[in-house]
Amino acid sequence: MVKPLSTLFLALAILSVAMPVLRDRLAIGRLPGDFRFAVRGRVYYIPFMSTIVLSLLLWGIGRLF
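Residues numbered from 1 in each chain as written. Predicted model: local features only at pLDDT ≥ 70, side-chain atom pairs only at ≥ 80, totals over all residues. Heavy atoms only, no water.

**Q** When you look at the overall build of the protein in this model, what are you seeing that I'm missing?
**A** Along the protein, the regular secondary structure elements total two helices and two strands. Written out in order from the N terminus, the α and β elements of the protein read α-β-β-α. Seen along its three principal axes, the alpha-carbon backbone of the protein occupies a region of about 45 × 30 × 20 Å. Within the span of the protein, comprising 65 residues, buried residues form 15% of the whole. Residue pairs at least 24 apart in sequence account for 33% of intrachain contacts in the protein once pairs closer than 6 positions are excluded. (Helix = DSSP H or I, 4+ residues; strand = E, 2+ residues; numbered from the N terminus. Buried < 20%, exposed > 50% of the residue type's maximum accessible area, 1.4 Å probe, protein only. Contact = heavy atoms within 4.5 Å.)

See below:
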């Protein structure tokens, strides 16, 4: 149970750091289920749906090879 949770946490951390770049170039982060919070002038992203979509995409690619 620890391995999937740590993987999910790591994927969320990486995507939330890379979200400004991904949002502008690939339009990731605008899916329903992706949350964006503005607190004290800073914007925080929680990309739940983008994480699921990218995970399924990578899983599908991994199953092919």
